[in-house]
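# Structure at a glance
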Amino acid sequence: MARRSGFRTSWFPCRPGFLYIEGLITIAVLGFACFVAVPFLAAWEEEQVLDLSAREVRAAIMEAQTAARSGKEGYGSFVFFYCISADDGRVEYYCRRGTRRFPPKGKLNDRVRLAAPVSMTFSQNGLSGTSQNVGLLLISKKRQFKRHIIVAVYTGRVRIEAVK
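One structure accompanies this document, and this report is about it. Counting restarts for each chain, with residues numbered from 1 along the sequence as it is written. Local features in a predicted model are, by the rule used here, given only for residues with pLDDT of at least 70; side-chain atom pairs are given and counted only at 80 or more, and totals for whole chains, interfaces and linings are based on all residues. Derived side-chain values reflect all non-hydrogen atoms in the structure, with water molecules and hydrogen atoms excluded from consideration.

## Things to note about the overall build of the chain
Each helix and strand in the chain was counted, giving one helix and nine strands. In the chain, the succession of α and β elements from N to C terminus is α-β-β-β-β-β-β-β-β-β. Evaluated residue by residue, the chain yields a buried proportion of 30% over its 164 residues. At a minimum sequence separation of 6, the contacts of the chain that also span at least 24 residues come to 51%. Put simply, DSSP marks the helices as runs of H or I at least four residues long and the strands as runs of E at least two long, and each gets a number from the N terminus on. Only protein chains enter the accessibility calculation, which uses a 1.4 Å probe; a residue whose area is less than 20% of its type maximum is buried, one above 50% is exposed, and one in between is partly exposed. By the convention used here, residues are in contact when the closest approach between their heavy atoms is within 4.5 Å.

Here's what the structure looks like:
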């Protein structure tokens, strides 16, 4: 009688095809889990891009406020902050004092849209020309998420709120 070579344990069944079917079931379950998880990950990424863009605009507004309060540059004491949709569809923001643009300026991710163009005027005393809070609305490309950036007139506080 010939001896069989190989290692055999009690937990390893010897039925043919057992591992093949088990492997197919495992691959099917993992495929279904990936199929379900991908839309959630895409939505999460879209929301994170919008949050990052809102924080970027908030920082730019705060920097414009600081530039207006410092009053070190010429062309008067007013700093104008603009947030507009550029020709390529991206959201662009910049500051202007007189006829000269200066930082902060930039463009947001192409997956972020602006509801309406916004301009704000800052002086050494704060936000000028209005008696109400001023804000702008950023929207994700698929319009699933929205962030409202609000500048308080009297305190100058800039905050970001999620809009449902």
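That covers the picture; the talk isn't over yet.
## Remarks on unusual backbone geometry
In this chain, Pro103 is followed by Pro104 through a cis amide linkage whose omega measures 10 degrees. When you line up the elements, Pro104 lands in strand 3 (residues 100-107). Of note, Arg143 is a non-glycine position whose phi angle comes to about 60 degrees, a positive value. Tracing the sequence through the fold places Arg143 in the loop between strand 7 (134-140) and strand 8 (146-151).

## Observations regarding a nonpolar patch on the surface
Patch definition: residues above 30% relative accessible area lacking any salt bridge, with like charges linked at up to 9 Å and the nonpolar side chains Val, Leu, Ile, Met, Phe, Trp and Tyr linked at up to 5 Å. Calculation of accessible area relied on Shrake-Rupley with a 1.4 Å probe; when residues are assessed, cover is drawn exclusively from the protein chains displayed. Any Lys or Arg side-chain nitrogen found within 4 Å of a carboxyl oxygen on Asp or Glu counts as a salt bridge. A cluster of nonpolar residues, Tyr20, Ile21, Leu24, Ile25 and Val29, forms a patch on the protein surface that exposes about 540 Å² of accessible area. Looking at the element boundaries, Leu24 is found in helix 1 (residues 18-70).

## Things to note about the sheet that holds strand 6 (residues 126-128)
Sheets are built from strands that pair by backbone hydrogen bonding, the pairs being arranged parallel or antiparallel. Here the rule is simple: two strands pair whenever DSSP picks up at least two bridges between them. Spatially, the five strands line up as an open sheet ordered 3-2-1-5-6, and their pairing is antiparallel. The open sheet has two edge strands, strand 3 and strand 6, and neither has a second partner. Taken pair by pair, the neighbouring strands of this sheet meet at an average axis angle of 25 degrees, ignoring direction. Strand direction decides the pairing type here: strand 5 (residues 118-123) and strand 6, joined by three bridges, are antiparallel. In the strand pairing of strand 6, Thr121 is matched with Ser128. Here, axes are lines fitted to C-alpha atoms. For helices the fit covers the stretch in contact, and angles between N-to-C directions go from 0 to 180 degrees.

## So, the side chain of Ser123
One can find Ser123 in strand 5. Setting aside chain neighbours within four positions, we find Ser123 in contact with Ala68, Arg69, Ser77, Phe78 and Ser128.

## What about the pairing of strand 1 (residues 79-85)?
Sheet topology note: the strand 1/strand 5 ladder contains five bridges and is antiparallel. Across the sheet, Phe80 pairs through a bridge with Thr121, a residue of strand 5. Bridging between strand 1 and strand 2 (residues 91-97) involves six bridges; their strand directions are antiparallel. Along strand 2, the bridge assignment pairs Phe80 with Arg96.

## Re the sheet that holds strand 9 (residues 158-163)
Spatially, 4-7-8-9 is the arrangement adopted by the four strands of the open sheet, whose pairing is antiparallel. Each edge of the sheet is formed by a strand with only one pairing partner; in this case those strands are strand 4 (112-114) and strand 9. Neighbour-to-neighbour, the strand axes of this sheet turn through a mean angle of 25 degrees, independent of strand direction. Across six bridges, the pairing between strand 8 and strand 9 is antiparallel. Following the sheet pairing, Ile150 is matched in strand 9 by Arg159.

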